[in-house]
Amino acid sequence: CKARIEAYNEGKDDFVQFFEGDPMLMSIDAGTSQTEGEKATRDEVEARVKKGVQAAVHGAATAHLPKVMILGAPGSGKTEVCRRLAEKYGCVSISMEVLMKEEAEKEGSELAAECKRVVGEGGRWKDISDEVLIKLFSARQAQEDVAKRGYVVEGFPRNGGQAEALREQGVMPRAVVTLDIEED
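This section reports on the structure supplied with the text. Treat the numbers as computed from the prediction; the structure is a model and nothing was measured. (Residues numbered from 1 in each chain as written. Predicted model: local features only at pLDDT ≥ 70, side-chain atom pairs only at ≥ 80, totals over all residues. Heavy atoms only, no water.)

### Quick notes on unusual backbone geometry
- In this structure, proline 157 follows phenylalanine 156 across a cis peptide bond, with omega equal to 10°.
- Assignment of secondary structure puts proline 157 in the loop between β3 (151-154) and α8 (160-168). (Helix = DSSP H or I, 4+ residues; strand = E, 2+ residues; numbered from the N terminus.)

### Regarding the environment of valine 49
- Within the secondary structure layout, valine 49 lies in helix α2 (residues 42-61).
- Taking the relative accessible area as the measure of exposure, valine 49 reaches 37% and is therefore partly exposed.
- Residues valine 49 and tyrosine 151, 102 residues apart in the sequence, show an inter-C-alpha distance of 29 Å. (Buried < 20%, exposed > 50% of the residue type's maximum accessible area, 1.4 Å probe, protein only.)

### Focus on the side chain of serine 33
- Inspection of the secondary structure assignment puts serine 33 in the loop between α1 (2-16) and α2.
- At 3.0 Å, the side chain of serine 33 forms a polar contact with the backbone nitrogen of threonine 35. (Polar contact = N/O pair within 3.5 Å; in protein donor to acceptor, adjacent residues only side chain to side chain.)

### Examining helix α6 (residues 130-141)
- With 12 residues, α6 should cover 16 Å at 1.5 Å per step; its first-to-last C-alpha distance of 16 Å lies within 8% of that length.
- Residues Val132, Leu133, Ile134, Leu136, Phe137, Ser138 and Arg140 constitute the buried set of α6. (Expected span 1.5 Å × (residues − 1).)

### Structural notes on the packing of aromatic side chains
- Evaluated as defined, the whole model comprises 3 aromatic pairs.
- Geometrically, the ring pair formed by phenylalanine 137 and tyrosine 151 is edge-to-face, given 5.5 Å between the ring centres and 85° between the ring planes. Within this pair, whereas phenylalanine 137 is found in helix α6, its partner tyrosine 151 is found in strand β3, the two being separated by 14 residues in sequence.
- The exposure class of tyrosine 151 is buried, given its relative accessible area of 1%.
- Note on phenylalanine 137 and phenylalanine 156: the rings are 5.5 Å apart at their centroids and 45° apart in plane angle, and the pair reads as tilted. Of this pair, phenylalanine 137 sits in helix α6 while phenylalanine 156 sits in the loop between β3 and α8, and the two are 19 residues apart along the sequence.
- An aromatic cluster of three or more residues is present, and its members are Trp125, Phe137, Tyr151 and Phe156.
- Sitting above the plane of the tyrosine 89 ring, lysine 88 keeps its charged end 5.6 Å from the centroid. (Phe/Tyr/Trp six-rings, centres within 6.5 Å; stacked < 30°, edge-to-face > 60°. Lys NZ or Arg CZ within 6 Å of the ring centre and 35° of its normal.)

This is the structure:
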């Protein structure tokens, strides 16, 4: 069996290279068990394959949905562009300001308490920590209406840390649009 595995591994690169960088290529650990020092069971391998295939199928099933981030300076028209895109494509328009205010009305969570504090001080969503903003957006984009219709989000992310945190959570927009205006 060892010789057959070695032969497979030697020839694998010949065909895998054609799929490198493609999200359809999944490398599943079929040898290591979650129990230290043991080989993976058939059930463990099957569960890993199922998880990967389900993610791929879900990705393919939602590939047509708009996932758009509209970025730009104040006065560049982000709000109106988001409203019109949501109307035209039937997707959900996400406003971080609205998310913050809705969360501030809730009780019992650290997220709600932070939003309530900022709203109480007269602050805006831009005054909330990156961590809280990421949680707000992640929770909203996981809701059923967004999962079924897609989204367009206004002015978020605002910095590289937020963008990286979203990427780490698997949030990958289909388009990021920057509205550029001249400084006058």
